[in-house]
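Letter by letter, the chains look like this.
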Amino acid sequence: MTEDATGTDMPAQPEVPARMAAARGSRNDHTRRHNLSSLVTAVHYGGPLTRAQLTRDTGLNRSTIGGLVTELAELGLVIEDAAAETGAVGRPSLIVRPRVDVAALALHPDVDALELGAVAIDGTVVARRRTSVDAPPTPADAVAFAREAARDIAAEMPGLRVVGAGAAVPGLVAIDGSTVVAAPHLGWRDVDLGAALAEVFDFPIAVGNDANMGLRAEWSFGSARGVDTVVYLNGSASGIGGAALVGGRMLRGGRGYGGEFGHMMIRSDGDRCSCGRSGCLETELNAHRLDAAAHDAPAFDALASTLATAIANLECAFDPDLVLLGGYLGALFDARRDLVAARVRELAFRPDAEDVAIARARLGRNRLLIGAAERAFAPLLEDPAGVPLVAL
Ligand SMILES: [Zn+2]
């Protein structure tokens with residue numbers, strides 16, 4: 001690590017000593033910001049940690065950690081206190097905790113409901129407002145709801161400081177992280193949701209695809225923690241969303257539309273899909289068909305086999321360490337684990353297919369809120385001293 005870098009390898013410029021000092025200062029500042037980032041990232045993912053654990057996790061030395069913790073406390077991002085119980089003789093160990101009054105807002109507009117949550121920097125959903133809707137909400141409905149719900153949460157939690165907001169949308173989101181290009185189930189097309197939300201909020205807004213944000217949440221705090229290559233399929237009221245993490249990076253595609261696995265073709269003679277094609281996974285294996293097959297074992301098994309076909313196709317394409325299933329696909333998998341696993345093995349291309357883990361996502365109804373908040377937290381984790389917190 002370079003936390004003690006003193007700039008001794010700077011190129012000598014004896015004729016301009018002031019410039020040299022400035023360059024040295026800026027590099028020390030860069031190192032300090034990098035170390036602040038390492039520390040706040042460790043606490044974000046790891047929760048309350050002792051200084052000894054931080055030393056181990058970040059590779060920084062103890063005296064450096066002390067100064068950085070003081071600075072993060074002054075920035076209002078962490079608090080440090082004595083552990084409740086140490087079990088050891090001597091001075092109690094100091095615990096560095098993320099402050100739970102630092103939060104990101106997370107908005108999820110869906111066909112049957114609007115939801116806004118406040119997610120603390122430790123990944124906990126600390127407040128939530130949800131309203132059911134009879135018809136898919138318009139973008140204006142979503143923005144008006146977000147403003148009202150945020151006011152409500154601010155009244156409930158005075159002192160909450162917000163870093164930004166994320167919005168998880170069931171549709172294609174442009175690579176600008178702001179424009180919803182098409183959300184067919186909501187009936188939205190070319191909607192700059194980021195700009196509309198920026199008119200009512202004084203902090204940065206990040207708009208993304210709901211499945212990408214769901215996988216991000218499971219990777220940060222759920223079933224995919226620490227796994228580098230993950231394929232994710234989620235069944236919900238708005239169809240089947242897909243996302244893939246490849247070698248630790250979220251698959252985006254050239255324009256940001258990668259991972260639409262719900263529209264992979266499963267049956268060339270299948271039913272017409274909302275996308276205009278026929279036999280897509282989200283049409284062949286939708287929530288209505290699953291409900292209808294609940295008391296018809298052969299039909300239910302056939303749907304489990306369809307899920308296995310999709311998984312086998314994705315394994316050919318991505319060679320994942322983990323296939324993660326959420327929503328009604330997670331429930332279907334739980335009900336027919338053996339059948340799905342056996343069918344995937346039968347169809348598998350890779351010789352060691354039995355090594356591929358298939359698991360159910362576990363963050364449940366918090367998943368999209370946490371994932372959207374993760375996007376809003378990203379700049380703060382990158383540069384804790386450079387991103388302002390705004391009173392809600
Ligand atoms: Zn389709």
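Scroll up for the structure.
In this numbering scheme, every chain counts its residues from 1 along its sequence in written order. The predicted origin of the model limits local features to residues at a pLDDT of at least 70 and limits the giving and counting of side-chain atom pairs to 80 or more, whereas totals for whole chains, interfaces and linings rest on all residues. With hydrogens and water stripped out, all remaining heavy atoms of the structure feed into the side-chain values.

K.L.:
Would you explain the overall build of the chain in this entry?
P.N.:
Going along the chain from the N terminus, every DSSP run of H or I of four or more residues is numbered as a helix, and every run of E of two or more is numbered as a strand. Along the chain, the regular secondary structure elements total 12 helices and 17 strands. Relative to a compact globule of 392 residues, whose C-alpha radius of gyration would be 21 Å, the chain shows 24 Å and is just as compact. Along the three orthogonal principal directions, the C-alpha set of the chain runs to about 75 × 55 × 50 Å. Think of it in three bands: residues with accessible area under 20% of the maximum for their type are buried, residues over 50% are exposed, and the middle band is partly exposed, with areas taken using a 1.4 Å probe on protein chains only. Looking at the 392 residues of the chain, the share that counts as buried comes to 48%. Within the chain, contacts between residues separated by at least 24 positions form 63% of all contacts whose residues are at least 6 apart in sequence. Only C-alpha atoms enter the radius of gyration; for comparison, a globular chain is expected to reach 2.2 Å times N to the power 0.38, where N is the number of residues. Contacts are assigned to residue pairs that have any heavy atoms within 4.5 Å of one another.

K.L.:
When you look at the coordination of the zinc ion in this model, what are you seeing that I'm missing?
P.N.:
In ideal tetrahedral geometry, four donors around a metal make angles of 109.5 degrees, whereas ideal octahedral geometry with six donors gives angles of 90 or 180 degrees. Metal coordination here is assigned from N, O and S atoms located within 2.8 Å of the ion, or within 3.2 Å for Na, K and Ca; omission of water means that sites may look incomplete. Surrounding the zinc ion are the protein donor atoms H263 (ND1), C273 (SG), C275 (SG) and C280 (SG), which sit 2.0 to 2.3 Å from the metal. One can describe the site at the zinc ion as tetrahedral: its four donor atoms subtend angles covering 105 to 119 degrees at the metal. Sequence spacing among the residues donating to the zinc ion works out to H-x9-C-x1-C-x4-C. What makes C275 partly exposed here is its relative accessible area of 37%. Square planar and octahedral assignments, for four and six donors respectively, both demand that opposite donors be over 155 degrees apart and that all other angles lie between 65 and 115; tetrahedral needs four donors with all angles between 85 and 135 degrees, and anything else is irregular.

K.L.:
Could you clarify how one ought to interpret the sheet that holds strand β10 (residues 188-192) in this entry?
P.N.:
Note: strands within a sheet are paired through backbone hydrogen bonds, in either parallel or antiparallel orientation. Only when DSSP finds a minimum of two bridges between them are two strands counted as paired. The three strands are arranged β8-β9-β10 in an open sheet whose pairing can be described as antiparallel. Every other strand in the sheet has two partners, leaving β8 (172-173) and β10 as the edge strands with one partner each. Two strands pair when backbone bridges link them, and β8 and strand β9 (residues 179-183) are joined in this way by two bridges, in the antiparallel orientation. Across the sheet, V173 pairs through a bridge with V180, a residue of β9.

Worth remembering: the numbers are spatial, not functional.
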